[in-house]
Amino acid sequence: MQLQMLKEQDDDRYIKYGPIEEFRIFNVVADKEETDMFEILIAKGQDVEKLQPVVEMYMDWLNNCQKEVTNYLQEQLGEELPIHWMKSIEVYTASIVFNAIDDYGATISFGAECVAGDHIVELYFEKEEIKEYYPEFAEYSACKFLDCSHINETSCGVKNAIEDGHISPISY
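Residues numbered from 1 in each chain as written. Predicted model: local features only at pLDDT ≥ 70, side-chain atom pairs only at ≥ 80, totals over all residues. Heavy atoms only, no water.

Q: I tried to follow helix α1 (residues 48-63) on my own but got confused; where do I start?
A: For an α-helix, the turn length of 3.6 residues means that residues three or four places apart are oriented alike. Along its 16 residues, α1 runs 21 Å from first to last C-alpha, staying within 8% of the 22 Å computed at 1.5 Å per residue. Residue Val54 marks the point of greatest curvature in α1, where the axis turns by about 25°. Among the residues of α1, Leu51, Gln52, Val54, Val55, Tyr58, Met59, Trp61, Leu62 and Asn63 are the ones counted as buried. (Helix = DSSP H or I, 4+ residues; strand = E, 2+ residues; numbered from the N terminus. Expected span 1.5 Å × (residues − 1). Bend = angle between axes of the 7 residues up to and from the residue. Buried < 20%, exposed > 50% of the residue type's maximum accessible area, 1.4 Å probe, protein only.)

Next up, the structure:
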């Protein structure tokens, strides 16, 4: 996967990159034009050329980790998911961070009706291990729009819950 440095840089610790070609997360095509939604952050001072094979390996893993995600969510929910549940998934945001060759992870937000109805699920990964699951969005997702992504829409239950202090801005 070839990376290009993006012009807008809003963090003094990382350089923001975007893919040059199409990429996939959970076998869902991510739109490379949506740079606000999908980002690859590499810590300043890291040799991007040396990190390139690790970035490619991790992006491949994120594309093919359906079994790990399914097992994790089934354990968290305490119930079986339908066999083909990931075919209905829509990835909303992905932030993939590389601090060093052996220190990387991702935060991915997605919707899947059979997991959370019309709510967002957020998973936090450290390398190839799922560390956190944020189900608290579900309680506050009474939004004006059925297809609310909880990002830009008005009358969003999740955004209102963040403003009211019911959901941590860190989780969002």
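Q: Could you clarify how one ought to interpret the environment of Gln66 in this entry?
A: In this fold, Gln66 is placed in helix α2 (residues 66-77). Since its relative accessible area comes to 22%, Gln66 is described here as partly exposed. For the pair Gln66 and Phe26, spaced 40 residues apart in the sequence, the C-alpha separation amounts to 6.0 Å. Apart from residues no more than four positions distant in its own chain, Gln66 is found in contact with Phe26, Asn27 and Met86. (Contact = heavy atoms within 4.5 Å.)

Q: I keep staring at the pairing of strand β5 (residues 38-43) and nothing clicks. Help me out?
A: For a regular strand, side chains alternate in direction, first toward one face of the sheet and then toward the other. Of all six residues that make up β5, five are buried, and the element is covered over most of its length. The pairing of strand β2 (residues 14-19) with β5 spans four bridges and is classified as antiparallel. Within β5, the residue paired with Lys16 across the bridge is Leu41. Where β5 lies against strand β6 (residues 90-100), five bridges are found, and the strand directions are parallel. For Ile42, the partnering residue across the bridge sits in β6 and is Phe98. (Pairing = 2+ DSSP bridges.)

Q: What is the right way to read α2 from this model?
A: An ideal rise of 1.5 Å per residue puts 16 Å on twelve residues; α2 measures up with 16 Å between its terminal C-alpha atoms. Among the residues of α2, Val69, Thr70, Tyr72, Leu73 and Gln74 are the ones counted as buried. Positive phi shows up at Gly78, right after α2, with a value of about 70°.

Q: Even after reading the chapter, I still don't get the pairing of strand β7 (residues 103-111), so can you show me in this structure?
A: Taken across its nine residues, β7 has seven buried, putting it largely inside the fold. In the sheet, β6 pairs with β7 via nine bridges, with the strands oriented antiparallel. Bridging across to β7, Glu90 finds its partner in Gly111. The loop that links β6 with its antiparallel partner β7 comprises two residues.

Q: Explain the pattern of salt bridges to me, please; I cannot follow it from the model alone.
A: It is possible for side chains of opposite charge to pair when their charged atoms get near one another. All told, the structure shown has one salt bridge when counted by the stated rule. Of the charged contacts in the structure, one is a salt bridge between Glu39 and Lys16, with a shortest N-O distance of 3.6 Å. You can see Glu39 sitting in strand β5 and its partner Lys16 sitting in strand β2, a full 23 residues away along the chain. (Salt bridge = Lys/Arg side-chain N within 4 Å of Asp/Glu carboxyl O.)

Q: I would appreciate a short explanation of unusual backbone geometry in the present structure.
A: Excluding glycine, residues mostly have negative phi values, and the peptide bonds linking residues are mostly trans. Positive phi, normally seen in glycine, also occurs at Phe26, with a value near 55°. The backbone of Lys127 sits at a positive phi, close to 50°, despite the residue not being glycine. On the secondary structure map, Lys127 appears in the loop between β8 (120-126) and β9 (129-133).

So far we have only geometry, and geometry alone does not tell us how the molecule works.
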